[in-house]
Amino acid sequence: MTETTVPRTTSPEAPVYDCRTAFAEELIALAREDERVVAVCNDSVGSSNLAAFREEFPDRLINVGIAEQNMVGVGAGLANAGLVPFVSCAGPFLTGRALEQIKADCAYSGFRVILCGQSPGLAYGELGPTHHSVEDLSWLRAVADLSVVVPADRAQTRAALRWAHAHDGPSYLRIPRFKVPDVTPPDAPFAYGRAQVLREGDDVTLVAIGTMVSRALTAAGLLAGQGISARVLNVPFVDPLDEDEIRRAADGTRGLVVAEEATLSGGLGAAVASVTGQHRPLPLRLLGVTGFAPTGSAEGLLEHFGLTADGIHRAARDVLGLAAS
């Protein structure tokens, strides 16, 4: 059962914020508190927002150059020496090029390495599939003993960094590039493997992560205007998944929609389908990326795959067997 249940909604006019700024500020705050904190990057000081960290802690930033496998290996070595490394670079290169090191050097070894995938999902839209980081959740869910965390806004980004700093083991944090509104309730706990119910409902559950959470809240508002009661579930921990909350949603609503800025092959939707399939099968719609995403603007790609408030709204009506409005 979730620890926080409050009604939430967002509107297209809500102010939006860059979670990478929250990441940079919180990392500096942690470094001030703990001299063991170091940053490791792949010649990505700018894109990882580490310029201010480098200015304040020049001896605690290790730039390995464009060598992502070495970068993760260096991070594991630093953790083995008693330091707390935050290893940061663009999501596709961190997870694609260094998957073996993530598995063997970090997860299998059990080292506290905080892997920070910057600008994941479709955020690098115009740069095409080489820069789309949509497979990361599928790859890393398959790695044992590695926590996979996708914060939804500034507050959860800060909380995720602090949680990972204290966690005795490796973790992967997805740091969004898309600007998003604040969705986390004040003083909401950030607990290991726990989801947050942001809005209660008994017709359909909208399960969302990261940049999709605010869009799910907006979709819930659209549905409410049509007399449809939508529960909104924010799932910051893709692994370990809050299976109890997923089962509660399956028992308490008539259908589920899962929205993720990631491939449908093995990500959050697959994890949710596995839980509901074994507990209580019910109508389910999965929204995400299929195949190689085309090259185009990031917002255009979200529209292409239905990863918008309207797309989630349409999927919810569909899962309930209602005609499109």
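Here the structure is a predicted model, which is why all the values come from computation and not from measurement. (Residues numbered from 1 in each chain as written. Predicted model: local features only at pLDDT ≥ 70, side-chain atom pairs only at ≥ 80, totals over all residues. Heavy atoms only, no water.)

A. View of the overall build of the chain. A count of helical and extended segments in the chain gives twelve helices and twelve strands. When the 325 residues of the chain are sorted by exposure, 58% land in the buried category. For the chain, restricting intrachain contacts to residue pairs at least 6 apart in sequence, the fraction spanning at least 24 positions comes to 78%. Surface exposure of the chain reaches about 12,400 Å², of which carbon and sulfur atoms provide 50%. (Helix = DSSP H or I, 4+ residues; strand = E, 2+ residues; numbered from the N terminus. Buried < 20%, exposed > 50% of the residue type's maximum accessible area, 1.4 Å probe, protein only. Contact = heavy atoms within 4.5 Å. Areas by Shrake-Rupley, 256 points an atom, 1.4 Å probe, with all protein chains shown as cover.)

B. Molecular detail of empty space enclosed by the protein. Under the defined criterion, the tally for this structure stands at two cavities of 30 Å³ or more. There is about 100 Å³ of room inside the largest cavity. In terms of lining residues, the largest cavity is bounded by 14 residues, among which Val150, Arg174, Gly210, Thr211 and Glu261 are the most central. Of the residues in the lining of the largest cavity, the class split is eight nonpolar, two polar and four charged. (1 Å grid on protein atoms, 1.4 Å probe; cavity = no way out; pocket = protein on both sides within 12 Å on 5 of 7 lines; lining within 4 Å. Points joined across faces, edges and corners; volume = space filled by probe spheres on them. Nonpolar A, V, L, I, M, F, W, Y, C, P; charged D, E, K, R; others polar.)

C. A look at the confidence of the model for the chain. Scored by pLDDT, the chain has a mean of 94; 96% of the residues are at 70 or more. Of the regions scoring below 50 in pLDDT, residues 1-7 engages in 25 contacts with residues more than four places distant in sequence or in other chains. (pLDDT = per-residue confidence, 0-100.)

D. Fine view of the environment of Gly125. Residue placement: Gly125 occurs in the loop between β4 (114-118) and α6 (136-141). On the basis of relative accessible area, Gly125 is assigned to the buried category, the value being 0%. Sequence separation of Gly125 and Pro294 is 169 residues, and the distance between their C-alpha atoms is 8.2 Å. Other than its neighbours up to four places away in sequence, Gly125 contacts His132, Pro294, Thr295, Gly296, Ser297, Ala298 and Leu301.

E. Looking closely at the sheet that holds strand β7 (residues 196-199). Spatially, the five strands line up as an open sheet ordered β7-β9-β8-β11-β12, and their pairing is mixed. The strands lining the two open edges of the sheet, one partner per strand, are β7 and β12 (284-289). Neighbour-to-neighbour, the strand axes of this sheet turn through a mean angle of 25°, independent of strand direction. In this fold helix α8 (residues 212-224) packs onto β7, β8 (204-208), β9 (230-234) and β11 (256-263), with an angle of close to 160° to the strand it touches most, β8. (Pairing = 2+ DSSP bridges. Axes fitted to C-alpha atoms, helices over the stretch in contact; angles between N-to-C directions.)

F. A look at unusual backbone geometry. For the bond from Asp239 to Pro240, the omega torsion is 0°, close enough to zero to count as cis. Turning to its location among the elements, Pro240 is positioned in the loop between β10 (237-239) and α9 (243-252). Of note, the phi angle at Asp43 is positive, near 65°, even though the residue is not glycine. You can see Asp43 is positioned in the loop between β1 (37-41) and α2 (51-56). Phi at Asn49 is positive, roughly 55°, even though this residue is not glycine. Structurally, Asn49 is set in the loop between β1 and α2.

G. Representation of the side chain of His167 within the structure. With respect to the helices and strands, the residue His167 is situated in the loop between α7 (154-166) and β6 (171-175). The contacts of His167, once residues within four sequence positions are left out, are Arg112, Ser147 and Tyr192.

H. Region of interest: the packing of α9 against helix α10 (residues 268-279). Direction vectors running N to C along α9 and α10 enclose 60°, while the axes themselves pass 10 Å from each other. The orientation of α9 relative to α10 falls into the category oblique. In the crossing of α9 with α10, the sense of the turn from one axis to the other is right-handed. Contacts from Glu243, Ile246, Arg247, Ala250 and Asp251 of α9 reach α10 at Val272, Val275, Thr276 and His279. Of the residues belonging to the contact of α9 with α10, the class tally is four nonpolar, two polar and three charged. (Parallel < 35°, antiparallel > 145°, perpendicular 65-115°, else oblique. Left-handed = near helix turned anticlockwise from the far one by under 90°.)

I. Layout of the pairing of β9. The buried fraction of β9 amounts to five of the five residues, a majority that puts the element mostly inside the structure. Pairing analysis gives three bridges linking β7 to β9, with the strands arranged antiparallel. Residue pairing for β9: Val197 is matched across the bridge by Leu233. The pairing of β8 with β9 spans five bridges and is classified as parallel. If you follow Val207 over to β9, its bridge partner there is Leu233. Note on the crossover from β8 through α8 to β9: the handedness is right-handed. (Right-handed = clockwise from strand over helix to strand, strands pointing away.)

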